[in-house]
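Per-entry structural report
So you can see what is in the structure, the chains are spelled out below.
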Amino acid sequence: KEKLENHKIINNISKRIHYLRNPRYQVDKAPTSIQKATPTTVFDTKNTFRVDPPVVQFEEYQMNSVYEIPVKLMNATKISQRIKVIPPATDDFTLGGVKYPGNSSGTVAPGMAVTLLVHFAASSLADKDDEMVVVTEDGSFKIEIRARRTPPKLTLPSTMECHTCWVGDRVDMAYRVVNNGGDAGFKFFCEQEEDDLLQTGESLKTGCFTIFPIDFYLSHGQAIDIYVCFQPSFEGMHHERVILACDNQTSEFYDLTGHADMLDLKICQIDGNRIDESTAPSTFYFPKSHPKATSRRKVTIRNCASVRFNYHWSLFGTKELGISMLDENLHYAIEPSQGTFNPCEEVDFLVSF
């Protein structure tokens with residue numbers, strides 16, 4: 001029995017001992033490739049470092065200011081590792097510094113974290129995108145960098161309708177604009193760039209339209225009135241396009257529309273009989289009647305224009321020297337003597353003698 005125990009001890013002494021291989025020297029380890037770097041997340045198990053935050057995003061920034069966000073890279077492996085950081089490519093984002101844990105000069109122990117200081121100097125209020133690449137001993141991954149401001153949201157309609165106006169007259173429209181989004185500044189421009197060179201003052205004139213004010217700034221919840229003046233010089237439909245540019249380097253097109261019309265009244269019926277332009281009389285005759293008797297005729301007039309307007313009848317006595325507006329007994333009366341003509345409306349008038 002004692003002899004067997006001794007043989008067992010000798011066999012254990014001669015037995016081959018297997019140790020765990022150092023992960024740094026694995027034979028099947030793939031070489032590091034920067035070109036195949038992939039985006040990372042804070043709990044990405046494919047990467048040997050955990051990133052917090054996974055996406056560096058700057059918000060509500062202003063021009064000519066510098067902002068900083070720290071990014072932590074924690075070593076999630078069981079061995080110490082070294083890393084290399086390739087900074088962002090654009091001038092807006094820079095790598096302000098790298099802080100290693102303790103007094104380390106580049107080696108990150110398991111469970112420890114490196115702090116990257118990402119700086120953003122806003123040269124404009126536009127959205128920015130960039131990335132930086134982290135190269136480790138086991139591969140590489142990308143960290144996205146973004147700059148985003150809350151976009152403005154205006155209640156201004158895409159088509160500003162000025163309706164119908166007489167040629168030579170003027171219509172003023174006011175549009176209440178509320179900003180339900182982020183703070184921003186705005187300015188109107190003409191569709192054609194050469195027309196912008198002709199603008200002076202605080203209003204923009206394009207065609208028969210004038211917009212005031214030409215530029216304005218709205219914070220969240222603020223409102224302003226945009227005035228559009230339509231003053232046509234010829235008959236027909238008028239249409240212009242303007243551009244509303246925002247200080248975040250975005251823009252939208254807006255349409256200005258209005259219709260210019262001329263006064264157009266036509267006699268369409270006399271005593272219930274419909275007539276056309278060729279048969280319309282130039283003189284209105286009454287049949288012979290006795291003194292103190294009354295004769296009546298009905299005439300129907302149509303408003304062929306698309307504008308609503310008020311009217312009243314005026315009777316004049318004709319003399320050899322011209323037309324007299326004196327208060328004379330003209331023996332004629334028209335009812336109704338005044339009223340309102342709606343667009344394309346026919347109104348009956350009773351003419352008495």
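Described below are features of the structure shown in this document. In every chain, residue numbers begin from 1 and rise along the written sequence. The predicted nature of this model means local features are confined to residues of pLDDT at least 70 and side-chain atom pairs, given and counted, to a pLDDT of 80 or more, with totals for whole chains, interfaces and linings taken over all residues. Only heavy atoms go into the side-chain values, all of them from the structure, while hydrogens and water stay out.

Quick look at the overall build of the chain
A run of H or I in DSSP counts as a helix once it spans at least four residues, and a run of E counts as a strand once it spans at least two, with each numbered from the N terminus. Per the secondary structure count, the chain includes 2 helices and 29 strands. Throughout, exposure labels follow a simple rule: accessible area from a 1.4 Å probe, protein chains only, divided by the maximum for the residue type, with under 20% read as buried, over 50% as exposed, and the rest as partly exposed. The proportion of buried residues among the 353 residues of the chain is 33%. When contacts within the chain are restricted to residue pairs at least 6 apart in sequence, long-range pairs at least 24 apart make up 68% of them. For the area figures, the Shrake-Rupley method with a 1.4 Å probe applies, and any residue is considered shielded solely by the protein chains shown. A total accessible area of about 22,900 Å² is found for the chain, and carbon and sulfur atoms account for 52% of it. We call two residues in contact whenever any of their non-hydrogen atoms come within 4.5 Å of each other.

Let's talk about the nonpolar core
One recurring pattern in soluble globular proteins is that nonpolar side chains are buried together. In this description, a nonpolar core means a group of buried Ala, Val, Leu, Ile, Met, Phe, Trp, Tyr and Cys residues linked to one another through side-chain atoms lying within 4.5 Å. The biggest cluster of nonpolar side chains holds 28 residues, and the ones touching the most others in it are L156, F188 and V228. Not counting residues within four places of it along the chain, the set of residues in contact with V228 comprises M160, C162, V171, D172, M173, Y175, F209, T210, I211 and L256. The next biggest cluster of nonpolar side chains, apart from the first, holds 24 residues, and it includes V114, A122, I143 and I145.

Description of the packing of aromatic side chains
Stacked, edge-to-face and tilted are the three classes for Phe, Tyr and Trp ring pairs, Trp counted by its six-membered ring, which pair at centre distances within 6.5 Å; planes under 30 degrees apart are stacked, over 60 edge-to-face, the rest tilted. Overall, the coordinates contain 16 aromatic pairs when judged by the stated rule. Look at W313 and F349: their rings are 5.3 Å apart centre to centre, the planes differ by 75°, and that puts the pair in the edge-to-face class. Taken together, the residues span a long stretch of sequence, with W313 in the loop between β24 (309-312) and β25 (317-319) and F349 in strand β29 (residues 346-352) at a distance of 36 residues. Its relative accessible area of 1% is what places F349 among the buried residues. Here a set of aromatic residues connected by ring pairs shows up, and it is made of W166, F309, Y311, W313, F341 and F349. Comment: the charge-over-ring label is applied if NZ (Lys) or CZ (Arg) is within 6 Å of the ring centre and within 35 degrees of the ring normal. Across from the ring centre of Y61, 6.0 Å away, lies the NZ or CZ of R149, which sits over that ring.

A word on the sheet that holds strand β20 (residues 251-261)
At least two bridges found by DSSP between two strands is the condition for calling them paired. The 5 strands are arranged β12-β20-β19-β14-β17 in an open sheet whose pairing can be described as mixed. Edge strands, defined here as strands with exactly one partner in the open sheet, are β12 (159-166) and β17 (215-218). Averaged over neighbouring strand pairs, the angle between their axes works out to 25° when direction is ignored. Here the axes come from fitting lines to C-alpha atoms, over the contacting stretch only for helices, and the angles between their N-to-C directions go from 0 to 180 degrees.

What to know about the pairing of β17
Burial along β17 is one-sided: F216 and L218 are buried, while D215 and Y217, pointing the other way, are not. Pairing of strand β14 (residues 184-190) with β17 involves 4 bridges; the strand directions are antiparallel. Looking at β17, one finds that G185 is bridged to Y217.

Considering the side chain of D92
Counting through the fold element by element, D92 comes out in the loop between β6 (84-86) and β7 (93-99). Here D92 is in contact with H119, F120, A121, S123 and K128, once residues within four sequence places are set aside.

Considering a nonpolar patch on the surface
Patch definition: residues with relative accessible area over 30% and no salt bridge; like charges joined within 9 Å; nonpolar side chains (Val, Leu, Ile, Met, Phe, Trp, Tyr) joined within 5 Å. Basic side-chain nitrogens of Lys or Arg form a salt bridge, by our definition, when they fall within 4 Å of a carboxyl oxygen of Asp or Glu. Residues L315, Y332 and F353 make up a contiguous nonpolar surface patch of about 260 Å² in total accessible area. Along the chain, F353 falls in the segment after β29.

Topic: the environment of T294
Tracing the chain through its elements places T294 in the loop between β22 (273-274) and β23 (296-303). Along the primary structure T294 and H331 are separated by 37 residues, whereas in three dimensions their C-alpha atoms are 9.7 Å apart. If we skip the residues at most four places from it in the chain, T294 touches S352 and F353.

A few points about the pairing of strand β19 (residues 236-246)
Inspection of the sheet shows β14 paired to β19 by 5 bridges, in the antiparallel sense. From the neighbouring strand, C190 faces β19, where its bridge partner is V242. Sheet analysis places β19 next to β20, joined by 10 bridges and oriented antiparallel. Bridged to E240 within β20 is L256. Counted along the chain from β19 to the antiparallel partner β20, the turn is 4 residues long, and its residue Q249 has a positive phi close to 65°.

Treat this as a map of the structure, not an account of what it does.
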